[in-house]
Amino acid sequence: MVLKYWAASLFCISSVLAMQQAKAADEPNSNMGNTSFYDGLPVPGAGDWHYIGYQITYSADKITDANGKYLKLPNQDTRINSLINQLMYTPEWGRFSDGHFVFDFLLPIFETADIDDGLQNKILKAQAGIGDVMLGGGYQFEPIMGEDGPVFSQRIELDFFFPLGSYSPKYAFNPGSNAVTFNPHYAFTAFVTPSLSISARLSYLWNAQNNRPWVGYQDAKSSQAGQAYNINLAIGYTLTPTVTVGFNGYFFKQFTDLKVDHARLPGQKEQVLGIGPGMMVSLNKNNFFWINYYQETLVENRSKGSKVVIRFDHEF
């Protein structure tokens, strides 16, 4: 699920930035690279309840503007650690010959959130805490089987994030967004060979209005983050029956303008591409482990850094 990072104000709020207008982005935390190999397959095991934990470490030392150029802040260091807890429920009554219903609950916890702007945090402030709660549901189709195993598997899901997380207008980074987010996705896994797979998750984000916008918008009464899409992609190769290795990536793109007091603000759209290696290990039939590393590039209006995602799946 990924993280949001804010730059400085739309207005000159420090003489250090007198010649530079930076921005604050309202895009919520979303799944950037949290899921990778075999994303379109049914969750492992046959039980009704599944726990998935994601330990995510993000670090960056640059913040970019709309042209991908670095801001002229003395420091631009961002360090965020988060633990995302996910429960999936696949009830027996929801199982059919061609698939089954899936219900999701997700609770993010931002353990630490530190931003150093080199100005005693007069421009950028961050807080840790509980993130917005997600509730969702979808339909997982049974894999299409070939002679040597599964050939194609897919899932569609409709998720909603509710603004129950920690939020304050005085912080540039908040665990919560203070607005409802609609976040449907489609995921698939295709097997090119029994050992080579391609997995992808295509997500869309729509954000409701925030009636307590960041103070960097000065006297604004509301803000609304633009619509965006996000693509997670993973190419995996099965080295052994229990070990898969490969490459992963995510691409996030905001495609409509941020609104402040219902007025569109051009030049505020976010973009980021993250790529890197990954590995999955099947510990036993009920426990699975992933580790993924990403380095970010093609960044606009966001911090530019690297991310490590450690994921653990357990079937009860």
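Residues numbered from 1 in each chain as written. Predicted model: local features only at pLDDT ≥ 70, side-chain atom pairs only at ≥ 80, totals over all residues. Heavy atoms only, no water.

**Side note on the overall build of the chain**
Then step 1. Scanning the chain from N- to C-terminus turns up 0 helices and 19 strands.
Then step 2. For 316 residues, the compact-globule estimate of 2.2 N^0.38 gives 20 Å, and the C-alpha radius of gyration of the chain, at 20 Å, lies within 12% of that figure.
Then step 3. Oriented by its inertia axes, the alpha-carbon framework of the chain measures out at about 65 × 35 × 30 Å.
Then step 4. Going through the 316 residues of the chain one by one, you find that 53% of them count as buried.
Then step 5. Long-range pairs, those at least 24 residues apart, make up 67% of the contacts in the chain between residues at least 6 apart in sequence.
Then step 6. Of the roughly 13600 Å² of accessible surface on the chain, a fraction of 61% belongs to carbon and sulfur atoms.
Then step 7. Charged side chains in the chain number 23 positive and 28 negative. The centres of these two groups are separated by 9 Å. (Helix = DSSP H or I, 4+ residues; strand = E, 2+ residues; numbered from the N terminus. Rg over C-alpha atoms; globule rule 2.2 N^0.38 Å. Buried < 20%, exposed > 50% of the residue type's maximum accessible area, 1.4 Å probe, protein only. Contact = heavy atoms within 4.5 Å. Areas by Shrake-Rupley, 256 points an atom, 1.4 Å probe, with all protein chains shown as cover. Lys, Arg positive; Asp, Glu negative; His and termini not counted. Charge placed at Lys NZ, Arg CZ, Asp CG, Glu CD.)

**Some thoughts on the side chain of Arg311**
Then step 1. Of note, Arg311 is situated in strand E19 (residues 303-315).
Then step 2. When its relative accessible area of 9% is taken as the criterion, Arg311 is described as buried.
Then step 3. Only 2.9 Å separates the side chain of Arg311 from the side chain of Asp313, close enough to count as a polar contact.
Then step 4. If near-sequence neighbours (up to four positions away) are discounted, Arg311 is found in contact with Asn34, Thr35, Ser36, Ile52, Gly53, Tyr54, Phe288, Phe289 and Trp290. (Polar contact = N/O pair within 3.5 Å; in protein donor to acceptor, adjacent residues only side chain to side chain.)

**Brief notes about the layout of surface pockets**
Then step 1. In this structure, the largest pocket occupies an estimated 700 Å³ of space.
Then step 2. Phe37, Tyr38, Asp39, Leu41 and Arg311 are the residues nearest the centre of the largest pocket, which is lined by 46 residues in total.
Then step 3. No other element matches strand E8 (residues 149-162), which puts 6 residues into the lining of the largest pocket.
Then step 4. Considering only residue class, the lining of the largest pocket consists of 22 nonpolar, 15 polar and 9 charged. (1 Å grid on protein atoms, 1.4 Å probe; cavity = no way out; pocket = protein on both sides within 12 Å on 5 of 7 lines; lining within 4 Å. Points joined across faces, edges and corners; volume = space filled by probe spheres on them. Nonpolar A, V, L, I, M, F, W, Y, C, P; charged D, E, K, R; others polar.)

**Some details on the nonpolar core**
Then step 1. In terms of nonpolar packing, the biggest core is built from 19 residues, with Tyr54, Phe252 and Val272 touching the most fellow members.
Then step 2. Tallying contributions element by element places strand E1 (residues 49-63) first for this core, with 3 residues.
Then step 3. Ignoring anything within four residues of it in the chain, the contact list for Val272 reads Met32, Tyr250, Phe251, Phe252, Glu296, Thr297, Leu298, Val299 and Arg302. (Core = buried A, V, L, I, M, F, W, Y, C linked by side-chain atoms within 4.5 Å.)

**Digging into the pattern of salt bridges**
Then step 1. Taken as a whole and judged by the stated rule, the model has 8 salt bridges.
Then step 2. Residue Asp39 pairs with Arg201 through a salt bridge whose shortest N-O separation is 2.8 Å. Of the two residues, Asp39 is situated in the segment before E1 and Arg201 in strand E11 (residues 196-207); the sequence distance between them amounts to 162 residues. The pair Asp39 / Arg201 is uniform in exposure class, with both members buried.
Then step 3. A salt bridge links Lys269 to Asp257; the nearest nitrogen and oxygen atoms lie 2.8 Å apart. One end of the pair, Lys269, is in the loop between strand E16 (263-265) and strand E17 (271-284); the other, Asp257, is in the loop between strand E14 (243-254) and strand E15 (258-260), with 12 residues separating them in the sequence.
Then step 4. Among the residues examined, Asp257 registers a relative accessible area of 15% and is labelled buried.
Then step 5. A single salt-bridge network, built from bridges that share partners, covers Asp39, Arg155, Glu157 and Arg201. (Salt bridge = Lys/Arg side-chain N within 4 Å of Asp/Glu carboxyl O.)

**Description of the sheet that holds E16**
Then step 1. Strands sit in the order E12-E15-E16 across an open sheet of 3 strands; the sheet is antiparallel. Pairing within the sheet leaves two strands with one partner each, and these edge strands are strand E12 (223-224) and E16.
Then step 2. Two elements, E12 and E15, share 2 bridges in a ladder whose sense is antiparallel. Bridging from a neighbouring strand, Ser223 pairs with Val260 of E15. (Pairing = 2+ DSSP bridges.)

By themselves, these observations are geometric and do not establish any function.
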